[in-house]
Amino acid sequence: TIETETFTLNNPTKTGHTFKGWKLNGEGDAMMEVTIAQGSTGHLAYTATWQINKYTITFDSNGGSAVDPITQDYGTTVTAPDEPTRTGYDFAGWTPALPATMPAENITVTANWTVKTYTVSITGTGVTADNMNPKYGDDVVITIAEDEDRTLNTLTVNGEDVTAHVVDGQYTIHNVTGNVVVVATFNATKEFITLAQGVETFSCSQDLNFTGSELKAYIAAGYNKAESQVLLVRVYDVPAGTGLYLKGEAGVTYKIPYSTSQAYYVNMLKANLTASSIAKTSGDMSNFLLNKVDGEYGFFAPSETATLGAQKAYLQVPTSFMSGSEARAISIAFEDDGTTNISDFELFTNSNEHLYNLKGQRVEKAGRGLYIKNGKKITIK
């Protein structure tokens, strides 16, 4: 029996739900307001009815690709959407963290990003970058060190030739968006020559200038039949493909500049630019290879054939010059040796009427001195 004054039931609350009314004894329509009158008698049982709420998670991609919002019932499992993408950045999660189940409120989560870091790889000595690990959007300055022994041939960045844009030895890569591959190639301005024993034959596919070098270069300009001796004459301006005899200090690397040669030599030393097999004879010519026997260097005939390395030279002498039995060895005399008598040697020139100096160079205007004409020495006074 309700003896108190008439009262109204307080409507309840429930997280994530909306109250939809009371049902008397759990039956009938739900009533949003229930009033108990004074004087009422009997047992009364009211049951609350509820509707689950839907909430929305909104995604702020913070500069990345759009992510659709999620709307679903409170308490249900939240499945993480595909991660957004952003050029130059790696996705680093959401703030606040994405809940495992739908909360009882609408929320917005914001994407976090970490800027990408890339690598710079360089092929080519003396080439450096001011930043080997640039971030997305950074600039990278490539610097090519000055080197008197070479010039830049090509500079490529990720396969693109940018050589024409190199200024004062530098090239700037703007707005890096990925890994950077730099490849520099160079043209040598000098030939690097190291003599293992201090003496060897040599040949080069480019013109050389030995002027001022302590490395001495010689051609074979004459032959003494009686003594089986070759005359080596020192030269400085050397055209490509010239067989040479070199004298220097063992183990020292000499840097001989490339040049544009105007010289021409009649030379019994034959260039061997690529490794090849040298036969004992070639037609009416006999071939000889440099060797050291009993402490003396000379040219010696191979037994049949011999392999000669690249950028070497071998001596080729007309077989008719061989005195008596077949010559097996040819000794060496140097024109710049004061004890050598040049008059004992037959000097070689082109078979025409032109004048040549003792180095085999053609002379257009001859002054006083000793010259070669038709293979004979003449003196102009």
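What this report covers is the structure whose coordinates are included nearby. (Residues numbered from 1 in each chain as written. Predicted model: local features only at pLDDT ≥ 70, side-chain atom pairs only at ≥ 80, totals over all residues. Heavy atoms only, no water.)

### Some words on the sheet that holds strand 7 (residues 70-73)
- Taken in spatial order, the four strands line up as 7-6-9-8 in an open sheet, and their pairing is mixed. Single-partner strands in this sheet number two, and they are strand 7 and strand 8 (89-95). Put simply, the sheet's adjacent strands are angled 25° from each other on average, direction ignored.
- One ladder, built from five bridges, connects strand 8 with strand 9 (residues 107-115); its direction is antiparallel. When the sheet's bridge partners are listed, Thr95 is paired in strand 9 with Thr110. (Pairing = 2+ DSSP bridges. Helix = DSSP H or I, 4+ residues; strand = E, 2+ residues; numbered from the N terminus. Axes fitted to C-alpha atoms, helices over the stretch in contact; angles between N-to-C directions.)

### A closer look at the nonpolar core
- Among the nonpolar cores identified, the biggest contains 27 residues, and Leu208, Phe210, Leu215, Leu244 and Leu246 are the most heavily contacted of them.
- Every element with two or more residues in this core is listed here: strand 20 (216-224), strand 21 (229-235), strand 23 (244-247) and strand 24 (253-257).
- Excluding anything up to four places from it in sequence, Leu244 contacts Glu200, Thr201, Phe202, Phe210, Ala217, Tyr218, Ile219, Val235, Val238, Leu269 and Ala313.
- Within the second largest apolar cluster, 19 residues are counted, among which are Leu232, Met268, Leu269 and Met322. (Core = buried A, V, L, I, M, F, W, Y, C linked by side-chain atoms within 4.5 Å. Buried < 20%, exposed > 50% of the residue type's maximum accessible area, 1.4 Å probe, protein only. Contact = heavy atoms within 4.5 Å.)

### A look at the pairing of strand 3 (residues 27-31)
- Counted residue by residue, strand 3 has zero buried out of five residues, so it is predominantly exposed.
- Relative to strand 3, strand 2 (residues 17-24) runs antiparallel, the two being bridged by two bridges. Each residue of the ladder has a partner; that of Leu24, found in strand 3, is Glu27.
- Where strand 2 folds back on strand 3, the antiparallel hairpin that results is connected by two residues, among which Asn25 adopts a positive phi of roughly 55°.

### Let's talk about a nonpolar patch on the surface
- The grouping of Leu24, Met31 and Leu44 at the surface amounts to a nonpolar patch, some 230 Å² of accessible area in total.
- Inspection of the secondary structure assignment puts Met31 in strand 3. (Patch = residues over 30% accessible without salt bridge, like charges linked within 9 Å, V, L, I, M, F, W, Y side chains within 5 Å. Areas by Shrake-Rupley, 256 points an atom, 1.4 Å probe, with all protein chains shown as cover. Salt bridge = Lys/Arg side-chain N within 4 Å of Asp/Glu carboxyl O.)

### Side note on the sheet that holds strand 3
- With respect to topology, three strands assemble into an open sheet ordered 3-2-5, the strand pairing being antiparallel. Among the strands making up the open sheet, the edge pair consists of strand 3 and strand 5 (46-52). Neighbour-to-neighbour, the strand axes of the sheet open up by a mean angle of 40°, direction not taken into account.
- As defined by bridge partners, strand 2 adjoins strand 5 across seven bridges and the pair is classed as antiparallel. Looking at the pairing, Gly21 lines up with Thr49 of strand 5.

### Regarding the packing of aromatic side chains
- One pass over the structure, following the stated rule, counts eleven aromatic pairs.
- Through a chain of ring-to-ring contacts, three or more aromatic side chains come together here, namely Phe59, Phe91, Trp94 and Trp113.
- Sitting over the face of the ring of Phe186, Arg150 holds its NZ or CZ atom 3.5 Å from the ring centroid.
- Sitting above the plane of the Phe334 ring, Lys247 keeps its charged end 4.1 Å from the centroid. (Phe/Tyr/Trp six-rings, centres within 6.5 Å; stacked < 30°, edge-to-face > 60°. Lys NZ or Arg CZ within 6 Å of the ring centre and 35° of its normal.)

### Some words on the pairing of strand 21
- Of all seven residues that make up strand 21, seven are buried, and the element is covered over most of its length.
- The side-chain alternation of strand 21 yields two buried faces, one formed by Gln229, Leu231, Val233 and Val235 and the other by Val230, Leu232 and Arg234.
- As paired elements, strand 20 and strand 21 share seven bridges and run antiparallel to each other. When the sheet's bridge partners are listed, Tyr223 is paired in strand 21 with Val230.
- Joining the antiparallel neighbours strand 20 and strand 21 is a turn of four residues, in which Ser228 adopts a positive phi near 45°.
- Alignment of strand 21 against strand 32 (residues 329-334), held across four bridges, turns out to be parallel. Counterpart to Leu232 in the pairing with strand 32 is Phe334.

Remember that the coordinates give geometry; whether it matters functionally is a separate question.
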